[in-house]
Structure formats: structure tokens, C-alpha cells
Amino acid sequence: MFCIKTSVAYFNYLRFVCLFPQPSYRRLFVMILISFFISIIWVSVAAGLNSNPSYNITQLYPYKFCWFTRGVIYYFLTIPAGVFLLINTIVFIRVALCIINHARQATSPHQLYKRMKQCVIILLLSSATQGIGWLFGPFLTFINSEAGNILGWFFVIFNGLEGLWVILLYIVIRSLRMDKQRYRKFAEQITTSTEQVSHKYGKYFEGDKEYEDIVT
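Residues numbered from 1 in each chain as written. Predicted model: local features only at pLDDT ≥ 70, side-chain atom pairs only at ≥ 80, totals over all residues. Heavy atoms only, no water.

### Structural notes on unusual backbone geometry
- Even without a glycine there, the phi angle at Asn-56 is positive, about 55°.
- Mapped onto the secondary structure, Asn-56 falls in the loop between α2 (25-50) and β1 (58-60).
- Using a relative accessible area of 44% as the deciding quantity, one classes Asn-56 as partly exposed. (Helix = DSSP H or I, 4+ residues; strand = E, 2+ residues; numbered from the N terminus. Buried < 20%, exposed > 50% of the residue type's maximum accessible area, 1.4 Å probe, protein only.)

Following this line, the structure appears as C-alpha cells:
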């Protein structure tokens, strides 16, 4: 999951920050495939070491689940997750600044631009809250149980906001489509009225020209 998110973040960096040349979706597919192999290799290493009980890789916690021991969890969770989170944070900041600057330059009072800015804000808030929740993950490996429960609640709350951002984004996109349909109908009415007026005055001017021809 962290590998794929990092690949998508880097693809968005190439698409929204570097701009030219635009990255192809083939590059994204290749990066996702590489992420898949990295994950499979790392999981295979953990499973292979866990097959030897003397290494003490995992243990069964009472009334909880099978998880890494504190001696090796840094190598299989804390350090890899910290590296991917750092890369994602840097790329997210770069992409967010670029998108915000682009949205701020759209100074038109048109309602469609306002909807687009709202979509950008919701997407950035959603990405930020999802990332903040995972920032607490590495700290859960070496703090006491009480602080771990508090950070666990923060993790659940921030990740639970995903549904809220999806609903808000759906409302904004729905409103954007309604605005487009409204402007399309208004444009069709204006076009129809203009054609009727042009046709009416065209006949008037044609009749006036025939009158001038008769007089001359």
C-alpha cells in the first residue's frame, strides 16, 4: 500500500508540477508493478525469517493478533513506513502548492471555477487527513499502551473521515454538473433568441433593399 501510494504520488508530481512532457500511464503502470514486486519481496523475507522460530520475528499477543515483535518491527514497519511517508509528504506538499497556485489564478467569478476550487480543497484535505492518520503508525511501536490507545483513536478518526470527504466531493461534483447543464441550456436559449432576431431583421433589411430597387 505504501509503495503504490508513493508511485501514484510521484506520477502526480510529474503530471502537475513538471508538466512537460506529460507522463504516460504506461509509466504509472510500470511504477505500480515495481511497487508490487518490492512488497512481495519484503513480505517473502519476513515470512522466510519467521519460519525459523529462533529469529523471534512474530508473536501472538493475548486477545489481539499475531504481529511483529518489538525487536524487529522497526525493520519491517517503522523504517519502511517512515521512508515512504517522508517521500509522500514531500511530493504532496509540492503537488498541493502547484494545484493551489493554479486554482488561485482562476480569478473568474464564473460559478464553475468556484466549484473546481472547492473540489481542489476537498481533495487536498482528504489527502492530508489520510496521511496524518498514518503518521501515528510508526510511533505505536515503541510507546506505552495508554499513549498507543490515544494515537490509535486519532488514527481511526482521521482515516474514518474518508467517507465524509467522498460525500462532500460527490455533492460538489453533482453541483458542478448541474451548473454545466444550466449554463448549457442558457447558452442554447441565447443562441436560439439570437438566430430568431437575426432572421427577423434579415427579412426586414431584404424588404427594404427591394423597396430601394423599385424606387431607383
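### A word on the nonpolar core
- Ala-46, Ile-57, Phe-68, Val-72, Ile-73 and Phe-76 form the largest nonpolar core, which has six residues in total.
- Not counting the four nearest positions on each side in its chain, Ala-46 is found in contact with Ile-57, Phe-68 and Phe-76.
- In terms of nonpolar packing, the next biggest core, distinct from the first, is built from five residues, Cys-119, Ile-122, Trp-165 and Val-172 among them. (Core = buried A, V, L, I, M, F, W, Y, C linked by side-chain atoms within 4.5 Å. Contact = heavy atoms within 4.5 Å.)

### Observations regarding the confidence of the model for the chain
- Looking at the chain as a whole, its pLDDT mean stands at 75, while 77% of the residues score no less than 70.
- Throughout residues 209-216 the model reports pLDDT below 50, and contacts reaching past four residues in sequence, or to other chains, amount to zero contacts. (pLDDT = per-residue confidence, 0-100.)

### Re the UniProt feature "transmembrane region" (unreviewed entry) in the chain
- Within this structure's numbering, the places UniProt gives as "transmembrane region" (unreviewed entry) are residues 28-52, 72-100, 120-144 and 150-173.
- Helix makes up 92% of residues 28-52 and strand 0%, and the two end C-alpha atoms of the span are 37 Å apart.
- The span residues 150-173 carries 96% helix and 0% strand; its end-to-end C-alpha distance comes to 35 Å. (UniProt positions renumbered as here; feature names shortened; annotations may be inferred.)

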